[in-house]
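Here's the letter readout for the chains.
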Amino acid sequence: MIDGIKIGLEIHCQLTSLQTKLFCSCHCDYHGKLPNTNVCPVCSGLPGTLPLLNQKALEYAGLISLALDCKIPNETTFYRKNYFYLDLPKNFQLTQYNVYGITSIGIDGKLEYDGIDEEKHARIRRVQLEEDPGRLVYENNDMDSSFYTLIDYNRAGVPLVEVVTEPDFTTPKDVRIFLNKFTSIVEHLEICDTKLEGSVRCDANISIGEGKRIEIKNVGSFREVEKALSYEITRQKTMSTHEIEIKAETRHWDDTRKITKQSRVKEEEQDYRYFQEPDIPTVILGNEFLSSLKTKMPELPNDRKNRFISDYKLSEHVSQVLIDNKWLADFFESAVKIYSSPKEIANWIVSDLMGFIDENNHHHNSQASMEEKRSELKVEARHIAELARLVDQSNISRNTAKMILNQIITTGEMPSQVVERTNSSKIDDKGLLSEAIESVFRSEKSAVSDARLNSKAANFLLGKLMQLTKGRADPKIALDLIKKKLIEPD
Amino acid sequence: MVNLCSLTAEQVVEGVKNNHFSAVEYISQILERIEKIESQINAFTIVDANGALKKALSIDKKIRDGEDEKKIGSLAGVAVGIKDNICTKGLKTTCASKILEDYVSPYDATVVKKLKESGAIIVGKLNLDEFAMGSTTEFSRYGATHNPWNINYVAGGSSGGSAASVAALECTVSIGSDTGGSVRCPASFCSVVGLKPTYGRVSRFGLISYANSLEQIGPMGKTVADTVMVMNSIAGMDDNDQTTLNNGAPKYTTQSKRNIRIGLVKELVEGIEPEVSKCIYSAMDVFSKSDCKCEETSMKSVEFALASYYTIAMAEASSNLARYDNIRYGFESNPDSYEWNAYFAKIRSNFGEEVKRRIITGTYVLSSEYYGKYYLKAQKVRTMLKQELSALYKIYDILIAPTMPVLPFKFGEKIDDPLKMYMIDIDTVVANLTGIPAISVPAGFSKGLPIGLQIMADELQEQTLFETASLFESTANVQRSPKL
């Protein structure tokens, strides 16, 4: 750990589970729609239109606030953040602002997480609601060389929750762990489909020692956030060794070259001329809001983890891996419902299934590509449940089960079907096994002699037997039979 | 045949429904009247003769077919003009600005929708100061509106077209918007009745915002009864405007009441033109003779009202007008070879001088360095005014004042001196800052120029307001339309 590193985060999370945008009745889901078809007079900022606050968005932002242990003020309002940019239909963004009085939905929270060495927490400065701007599209996705700028307002007005942390992180690794935990929380709240492209975005700021604060933007995924921060630490440390002054600036992450670059557009100190939006009356939240949130609060990852440990007797580590990804945890519980063998099922998921998901997944560990990978897998809870049952009931060996899993992941067949088809049930019939052992004894005469002198060499014979039966022999019964036959007179 | 243009809205509905004349006959006379005198008045930005005749035909048909009262509507046949900062589907909405010269809204403002449902006939869009910023209609891209009582004088503003068109019998009633007196000022200057309702009583959906927290759409007419009829059509809660109040459907009447407790706000009369002051004091006598208890009263924080008003209005305006960047809509202009900041600058240089002045001032007062010094202080004045008013309304049912501190003046007299121009709003801005309803009623004349009496009631007390205004109207009996 390097002394004096301070990292803070600004996370934007789209409330994709809402039906409509933040201030109009356009659909919230703009993905895959033709440009500028998901718009109305309100979200395209036509003259004379007024914003109509989506009450459900308040509830969702309230749920995040509570999950992050925030205080919820008695009332909330919206502010205009005024600046000119092509992607802003009104040339101001409706957001919340706490400088002239607290208006955001949540303040002063914290989130605990398992840091690399110890239990840690990051303080949450605020949780606020705001509208997403439109999207700018450039030739070849490159702003610098593009001959044109196209504007798509489909995204304009989509509700965002902005979560701002205090600069409480000291290593990039912790940031990653925190972000995973945050993702799991919003997944458990069922307010954001984190696998949708652009649904969760994170900017970071970092300073080292006495150095100035650097903002890092344009980071595509959480793994990239970790990389960008590591890069910045190296860059800033090198600079200070050479006694080069670190100036406050905004840097963009270049995800092909894996470096941060000074923003081409010089971002001067902007005055956003914040003032309260007169068209949205102040919303009184009060105790009623708070108690209604509490009744709607689903089980959060921490509680779920504790339940996994106490009810299913899973280890802390396995429980943590499962709840870090709501999909996995749900998968686990569905499988357990079908066949109640939690430890066996958890092991299949954590040590085997996870491997398939993680495979080839190291370059783009964004939530989106993880989802892609997992949707390619044809395996469902019922498959794993059956696999666990077959192993438990000693129908197949663990090795066979692994081979079966390998197949059904791409075919979607049920394990029992595969067993039937390949006749790969364990051979536990003593008659059948004895026949096979006879044949091994005939072909491995010298080994048999050795084994008669040294009982440990019996394992070699067992290996040969397994080869012969393609792994289907029940090893326990087979070894007993081999040992028995060794002491029989020749 | 009678001159149908001079009828009140009440008489038009009566006449059309009972077949004394057809809507088409009446609208034809209105259109002829516009044809004849519009060149002298310049009240309209657009006249929709075809649309008006078509609607008149359909109303006549409904009546011939014996459709029921409700379908024909409470304003059946009445010619109404709409201020050109209120959106009308399929008819240009220009705000009298180059920036929106070709803009056609894809939707109707809520008031327009309600008026159409009530059977009113929209004859056209009415002239205003650009984006409703002004008190004389001289800041219109389409030229100033002339005062029908003397065409060398201003008609007031910013709803100059709305007031002048009614006074000049070019339409029977009209719709204006009032941010700091924009309905009441021209009503006073043109000797018609003009109402600014309680903030939130009428939907602002479709009103192109100048200063959202201050403005309301309001009706104008020759009589108090006509504004009541229009209010009964347009007021009420609207799902498209979350600042509208949940106060039930309007059922206002014009019965005149006596024994009203009335206070004349002396700070609003002090230092005004003596002719106006004299007229207001005689209005007090009119009330006293009608068994009302009348006295002078004081409202100290009025002193800060004007500064507060202009600070807030300009701040909100600077943000509201930011969207006019010619990217999604606007006028013909080629952005080729411009960097976007340069293009924004080029486009926005097309605003008129007064609009630019307000955007720049508003930008300044909202900057983080000055926010506390100006904007926040201005908001505190609003709270002070509200507190003082609520104490006063425990003693009085009604407060009165002049609508304007001056008589209508000649073109160009104040246009080069913004401060002088802003000063004449001193009597009207209190109602906008506090949200209370206020109405201007013709009170008399001096040198042939109209004077208006302003009547102010407490929040949502429009009924008391109408009763007081009706009482005054029937007693004072002031002339409503000039010979032209």
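Residues numbered from 1 in each chain as written. Chains lettered and ligands numbered in written order. Predicted model: local features only at pLDDT ≥ 70, side-chain atom pairs only at ≥ 80, totals over all residues.

1. Comments concerning the overall build of chain B
Within chain B, the secondary structure is distributed over 16 helices and 13 strands. For 484 residues, the compact-globule estimate of 2.2 N^0.38 gives 23 Å, and the C-alpha radius of gyration of chain B, at 21 Å, lies within 12% of that figure. Viewed in the frame of its principal axes, chain B has a C-alpha envelope of about 65 × 60 × 45 Å. For chain B, with 484 residues in total, the buried portion stands at 58%. When contacts within chain B are restricted to residue pairs at least 6 apart in sequence, long-range pairs at least 24 apart make up 77% of them. (Helix = DSSP H or I, 4+ residues; strand = E, 2+ residues; numbered from the N terminus. Rg over C-alpha atoms; globule rule 2.2 N^0.38 Å. Buried ≥ 20, exposed ≤ 12 C-beta atoms within 10 Å, placed from the backbone. Contact = placed C-beta atoms within 7 Å.)

2. Section: the overall build of chain A
The helix and strand inventory of chain A stands at 16 helices and 15 strands. Relative to the compact-globule value of 23 Å for 490 residues, chain A shows a C-alpha radius of gyration of 29 Å, a clear excess of over 25%. Projected onto the principal axes, the alpha-carbon positions of chain A cover approximately 100 × 55 × 45 Å. For chain A, the residues scored as buried account for 40% of the 490 residues in total. Across chain A, the fraction of contacts at a sequence separation of at least 24, relative to all contacts at a separation of at least 6, is 70%.

3. Side note on the interface of chain B and chain A
At the junction of the two partners, chain B supplies 33 residues and chain A supplies 23 residues. Listing elements by their share of the side of chain B that touches chain A, those giving two or more residues are α10 (305-320), α11 (340-348) and α12 (353-366) of chain B. Broken down by element, the side of chain B that touches chain A gets its largest block of residues, three residues, from α10(B).

4. What to know about unusual backbone geometry
Cis rather than trans, the peptide bond between Gly157(B) and Ser158(B) has omega equal to 10°. When you line up the elements, Ser158(B) lands in the loop between β5 (150-154) and α6 (160-167). A positive phi angle is found at Lys258(A), which is not glycine, with a value near 55°. Structurally, Lys258(A) can be placed in the loop between β12 (249-254) and β13 (259-262). On the basis of neighbour count, Lys258(A) is assigned to the exposed category, with 12 C-beta atoms found within 10 Å.

5. Digging into the pairing of strand β1 (residues 5-14) of chain A
All names here are of chain A. Most of β1 is tucked away: seven of the ten residues are buried. Here nine bridges tie β1 to strand β10 (residues 200-208), and the two strands are oriented antiparallel to one another. What sits directly across from Ile7, in β10, is Ile206. As defined by bridge partners, β1 adjoins strand β9 (residues 159-165) across five bridges and the pair is classed as antiparallel. From the neighbouring strand, Cys13 faces β9, where its bridge partner is Val161. (Pairing = 2+ DSSP bridges.)

6. Concerning the domain arrangement of chain A
Domain parsing of chain A yields domain 1 (5-292), domain 2 (299-422) and domain 3 (430-487). Computed over C-alpha atoms, the centres of domain 2 of chain A and domain 3 of chain A are 34 Å apart. (Domains from an automatic or database assignment.)

7. Things to note about the sheet that holds β9(A)
Residue and element names in this part refer to chain A. Spatially, β5-β6-β9-β1-β10-β11-β12-β13 is the arrangement adopted by the eight strands of the open sheet, whose pairing is mixed. Every other strand in the sheet has two partners, leaving β5 (106-114) and β13 as the edge strands with one partner each. Taking each pair of neighbouring strands and ignoring which way they run, the sheet shows an average axis angle of 30°. Two elements, β12 and β13, share four bridges in a ladder whose sense is antiparallel. Following the sheet pairing, Arg251 is matched in β13 by Gln262. Packed onto the sheet, helix α2 (residues 172-189) meets β1, β5, β6 (119-131) and β10 and runs at close to 115° relative to β5. (Axes fitted to C-alpha atoms, helices over the stretch in contact; angles between N-to-C directions.)

8. Examining the nonpolar core
Judged by nonpolar contacts, the single largest core of 225 residues is most densely connected at Ile64(A), Ala204(A), Val78(B), Val80(B), Ile121(B), Ala163(B) and Ile455(B). Looking at this core element by element, the count peaks at nine residues for α10(B). Non-local contacts of Ala204(A), meaning those with residues more than four positions away in its chain, are made with Ile7(A), Leu9(A), Val175(A), Ile216(A), Val225(A), Ala228(A) and Leu229(A). Membership of the second largest hydrophobic core comes to 32 residues, among which are Val336(A), Ala346(A), Trp348(A) and Val350(A). (Core = buried A, V, L, I, M, F, W, Y, C linked by C-beta atoms within 7 Å.)

9. Quick word on α6(B)
Burial runs high along α6(B): eight of the eight residues are buried. Within α6(B), burial applies to Gly160(B), Gly161(B), Ser162(B), Ala163(B), Ala164(B), Ser165(B), Val166(B) and Ala167(B).

10. Describing helix α13 (residues 375-395) of chain B
When the terminal C-alpha atoms of α13(B) are compared, their 31 Å separation across 21 residues agrees well with the 30 Å that a helix rising 1.5 Å per residue should span. Every buried residue of α13(B) is accounted for by Tyr375(B), Ala378(B), Val381(B), Arg382(B), Leu385(B) and Leu389(B). Buried residues in α13(B), looked at end-on, bunch into an arc of 105°, giving them a common side. Turned more than 90 degrees away from the buried face of α13(B), the exposed residues are Thr383(B), Gln387(B), Ala391(B) and Lys394(B). On its buried side, α13(B) packs onto β14 (275-276) of chain A together with α10, α12 and α15 (429-434) of chain B. (Expected span 1.5 Å × (residues − 1). Arc of directions from axis to C-beta.)

11. Some details on the packing of helix α10 (residues 381-392) of chain A against helix α11 (residues 398-411) of chain A
All names here are of chain A. Direction vectors running N to C along α10 and α11 enclose 160°, while the axes themselves pass 10 Å from each other. With respect to α11, the element α10 is oriented roughly antiparallel. Our pair here, α10 against α11, has a crossing hand that is right-handed. Residue-level contacts link His383, Leu387, Leu390 and Val391 of α10 to Arg398, Ala401, Ile404, Leu405 and Ile408 of α11. Across the contact of α10 with α11, the residue classes break down as seven nonpolar, one polar and one charged. (Parallel < 35°, antiparallel > 145°, perpendicular 65-115°, else oblique. Left-handed = near helix turned anticlockwise from the far one by under 90°. Nonpolar A, V, L, I, M, F, W, Y, C, P; charged D, E, K, R; others polar.)

12. Let's talk about the packing of helix α13 (residues 430-443) of chain A against helix α16 (residues 475-487) of chain A
Residue and element names in this part refer to chain A. Running from N to C, α13 and α16 point in directions that differ by 55°, and their axes come no closer than 10 Å. Taken together, α13 and α16 sit at an angle that is classed as oblique. Of the two possible hands of crossing, α13 and α16 adopt the one that is right-handed. Note on element contacts: α16 touches α13 through Ile477, Ala478, Leu481, Ile482 and Lys485, opposite Lys430, Leu433, Ser434, Ile437 and Phe441. Of the residues belonging to the contact of α13 with α16, the class tally is seven nonpolar, one polar and two charged.

13. With respect to the sheet that holds strand β13 (residues 449-457) of chain B
Residue and element names in this part refer to chain B. Read from one edge of the open sheet, eleven strands run β1-β3-β2-β6-β8-β7-β12-β13-β11-β9-β10, paired in mixed fashion. The sheet terminates laterally at β1 (44-47) and β10 (293-297), the two strands that pair on one side only. On average, each strand axis in the sheet is inclined to that of its neighbour by 30°, with strand direction left out of account. Taken strand by strand, helix α8 (residues 224-234) contacts β6 (173-178), β7 (193-196), β8 (216-221) and β12 (438-446), and its axis lies near 140° from that of β8.

14. Remarks on the confidence of the model for chain B
Interpretation of the predicted coordinates at a detailed level should be avoided for regions scoring low in pLDDT. In the predicted model, chain B carries a mean pLDDT of 96, and the fraction of residues at 70 or more is 100%. Among the scores for the predicted complex, ipTM is 0.96 and pTM is 0.89. (pLDDT = per-residue confidence, 0-100.)

15. Notes on the pairing of strand β3 (residues 79-82) of chain A
Residues and elements named next belong to chain A. Two strands pair when backbone bridges link them, and β3 and strand β4 (residues 92-95) are joined in this way by four bridges, in the antiparallel orientation. Residue pairing across strands places Tyr79 opposite Thr95, the latter belonging to β4. When β3 meets β14, the two strands line up antiparallel, connected through two bridges. Within the sheet, the bridge partner assigned to Arg80 lies in β14 and is Phe275.

16. Thoughts on the confidence of the model for chain A
Residue and element names in this part refer to chain A. With 94% of its residues at a pLDDT of at least 70, chain A reaches an overall mean of 88. The secondary-structure element of chain A with the lowest mean pLDDT is helix α9 (residues 367-376), recorded at 62, while β4 shows the highest, at 98. Within the model, pLDDT remains below 50 along residues 360-366, and this stretch shows nine contacts once partners closer than five positions in the same chain are excluded.

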